[in-house]
Amino acid sequence: LKMERMKAAAAGMESTSRETLERVLELLEEKGLKRGWLMPRLEPMLGTSVVEDEKLLLSYLLEEIDEGLSVRTEDLSRQKVMMMVGPTGVGKTTTIAKLAARYSYMLDRDYRVALINLDTYRAGAFEQLDNFAKLLGLEHRRAENVEEFASLLDELAGYDVILVDTAGISPYDTDRLIRTIEFLKSVRDRDISTNLVVSATAKYEDIRQIYDHFSFINVESVMVTKFDETKQVGDLIAFLTEKHLPVSYISTWQKVPDDLQPADKEKIMDQFAGEFDV
């Protein structure tokens, strides 16, 4: 009903205003934003002089997008158990290595960091992280089942940060998905933050599909990888604003740990709107 009302209001505008509205909508749709998400935010402007000015209308929508984005401030004031979930090949293991290095020696104090690996599928998954853990002198353990996972969490209770790596999930990898869900369900009574790791290059539908796999848990934040590989982050922004999910970290190149920074909303918006002349 609301969408029909907006369509009727748009239809009643002057033809020049309708053309301006359509150009701005098409421009943002090309960036990955959905018309169904944009139109409700445009409703207050329909019938006003703002719709007659393309730059003004675009500026208004960019402000609305900016308000819809949020970041999660880094907080290590209490022990954190952080589980990373996400699709195959997104860079979860590299992100964990960057986080481990950051927490271990790049902040106001050196935090005690331990790593747990739940990826029993990918060849070399444990070894890849284990080599890095040895380099930094970090505790690194592997859990083959839910009982071992719960036991390890108890054993490592004295650490400031426990980072948990999981198997990459593909929509067609039912076995991996079920196994990861079992690990997650086994510790639902514990204080664990689940962080969705996504690539800045991913399409909206793919991000949404992966997120829906974990809809039964509270995803605390999104960590964005490969931010350096694209200027087209509209799909990512559409997903973040629709789900009201904060971004905690942005990862760019492969260098550990330098190429990982706490999320900066201004940087995300610059990447999205940099090509607009507003």
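All of these numbers come straight from a predicted model, not from anything done at the bench.

1. A closer look at the side chain of serine 199
- Checked against the element boundaries, serine 199 lands in strand β5 (residues 192–199).
- The buried category is assigned to serine 199, whose relative accessible area is 7%.
- A polar atom in the side chain of serine 199 sits 2.6 Å from the side chain of threonine 201.
- In this structure, serine 199 is in contact with Val90, Thr225 and Lys226, ignoring residues within four places of it in sequence.

2. Considering the pattern of salt bridges
- The full count for this structure, using the stated rule, is 15 salt bridges.
- Across the pair lysine 134 and aspartate 130 runs a salt bridge, and its minimum N-O distance is 3.2 Å. Taken together, the residues lysine 134 and aspartate 130, both in helix α6 (residues 125–136) and 4 residues apart, mark about one turn of the helix.
- A relative accessible area of 13% places aspartate 130 in the buried class.
- With a closest N to O distance of 3.3 Å, glutamate 139 and arginine 141 form a salt bridge.
- Residue glutamate 139 is classed as partly exposed on the basis of its relative accessible area of 30%.

3. Quick word on the nonpolar core
- Counting 68 residues, the largest nonpolar core has Leu33, Ile116, Phe149, Leu196, Phe239 and Phe272 as its most contacted members.
- Sort the elements by how many residues they give to this core and helix α4 (residues 54–68) lands first, with 6 residues.
- What isoleucine 116 contacts, discounting residues up to four positions off in sequence, is His140, Arg141, Ala143, Phe149, Leu152, Leu153, Leu156, Ile162, Leu163, Val164 and Asp165.
- If you look at the next biggest cluster of nonpolar residues, it comprises 23 residues, including Met84, Leu99, Tyr111 and Val161.

Each value, and the rule that gives it
- Residues numbered from 1 in each chain as written.
- Predicted model: local features only at pLDDT ≥ 70, side-chain atom pairs only at ≥ 80, totals over all residues.
- Heavy atoms only, no water.
- Helix = DSSP H or I, 4+ residues; strand = E, 2+ residues; numbered from the N terminus.
- Buried < 20%, exposed > 50% of the residue type's maximum accessible area, 1.4 Å probe, protein only.
- Polar contact = N/O pair within 3.5 Å; in protein donor to acceptor, adjacent residues only side chain to side chain.
- Contact = heavy atoms within 4.5 Å.
- Salt bridge = Lys/Arg side-chain N within 4 Å of Asp/Glu carboxyl O.
- Core = buried A, V, L, I, M, F, W, Y, C linked by side-chain atoms within 4.5 Å.

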